[in-house]
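Breakdown of the fold
Listed below are the residues making up each chain.
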Amino acid sequence: MIRVFLVDDHEIVRRGIAQLVDTQPDLEVVGEAGTVAEALRRVEACSPDVAVLDVRLPDGNGVDLCREIRSSHPAVACLILTAYDDDEALRSAVLAGASGYVLKDIRSGMLVEAIRRAAAGGTIQAPEVMQRAARGLHSDRERRDENSAPALSLRESQVLSLIAEGLTNREIGARLGLAEKTVKNYVSALLAKLGMERRTQAAVYGAERKHQSG
C-alpha cells in the first residue's frame, strides 16, 4: 500500500482527496493536517510515502513545508497541489525537491497516477514544464560558462535526459537495458558530479541542457 498524507487548510478539499485516494486498492490516507506546524508534527508519526501539500497555508506555505519534509524525511515524496499556475512557485517547488507541481483542476485519475508516480520515485512534470522551470532559474543567474559544466559520459547524459523526462529508475533501466540498482548508482554518481542533492534539481538541469542544445 502507498501511504498518503494530506495537507490543506480546507477540510472539504482534504475530504474530497481522501475519498478519492481511499477508493484505490493500492492507496490509503494515513494522516491529514491543516497547517504547517501540524503537518510537521504528524508526518513523522504517520510515516507516509507521499505527502500532498497545498501551497497556501495559514502559517506558511507548502513549498517551505516540502523543503522541511524532504530534509527531515528524504524517503517521503512530496506533491504540491495548488489552484495557481505560478512560475515562481513552480521553480521554488522544484528546488525544494517536490516530485510534482499539479493544479487542483487536475482530473481525479491523473492525481491518483501522480501520487503513484511520486511514490515510485519519478517526477511528475512534463518535459515542457521542467523547461519552464529551467528557463526561469536560468534568467535569475548569469549564463553558465559551458567550459565550467562537468563533462558527462554518454551513459550519464542518457540517464540525465531520462531523469528530465520524469522516468523512475526502473523505467530508465528498462529503456537502457540496465538493472535498476545500476541505474540508482548512476543517479547517485551523477548528482555528486553535478554538485546536487535532489533528483528534481538534476531534472531541471537536464531540461535546461536539452533546451540549450535545441
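Given the structure is predicted, the values throughout are model-derived calculations rather than measurements.

Regarding the nonpolar core
One finds Phe5, Val7, Leu53, Leu65, Ile69 and Ile80 to be the most contacted residues of the largest nonpolar core, which totals 26 residues. Contributing elements (two or more residues each) for this core: β1 (2-7), α2 (36-46), β3 (50-54), α3 (62-72), β6 (77-82) and α4 (87-95). Those residues in contact with Ile69 that sit more than four places away from it in its chain are Leu40, Val43, Ala51, Leu53, Pro74, Val76 and Cys78. Membership of the second largest hydrophobic core comes to 19 residues, among which are Val4, Ile17, Ala114 and Ile115.

A short note on the pattern of salt bridges
Applying the stated criterion to the full structure yields ten salt bridges. Its salt-bridge partner being Glu32, residue Arg15 comes within 3.1 Å of it at the nearest N-O pair. One end of the pair, Arg15, is in helix α1 (residues 11-22); the other, Glu32, is in strand β2 (residues 27-33), with 17 residues separating them in the sequence. The salt bridge partner of Glu113 is Arg116, with a shortest N-O separation of 2.4 Å. Here Glu113 pairs with Arg116, and both are found in helix α5 (residues 108-119), just three residues apart, close to one helical turn. Taking the relative accessible area as the measure of exposure, Glu113 reaches 44% and is therefore partly exposed. A single salt-bridge network, built from bridges that share partners, covers Arg14, Arg15 and Glu32.

Regarding the confidence of the model for the chain
Residue-level pLDDT values for the chain average 82, and 84% of them are 70 or greater. Taking the mean pLDDT of every element in the chain, the minimum, 55, falls on helix α6 (residues 127-139) and the maximum, 97, on β1. Here residues 138-147 scores under 50 on pLDDT; set against residues more than four positions off or in separate chains, the count is ten contacts.

Rules and cut-offs
- Residues numbered from 1 in each chain as written.
- Predicted model: local features only at pLDDT ≥ 70, side-chain atom pairs only at ≥ 80, totals over all residues.
- Heavy atoms only, no water.
- Core = buried A, V, L, I, M, F, W, Y, C linked by side-chain atoms within 4.5 Å.
- Buried < 20%, exposed > 50% of the residue type's maximum accessible area, 1.4 Å probe, protein only.
- Helix = DSSP H or I, 4+ residues; strand = E, 2+ residues; numbered from the N terminus.
- Contact = heavy atoms within 4.5 Å.
- Salt bridge = Lys/Arg side-chain N within 4 Å of Asp/Glu carboxyl O.
- pLDDT = per-residue confidence, 0-100.

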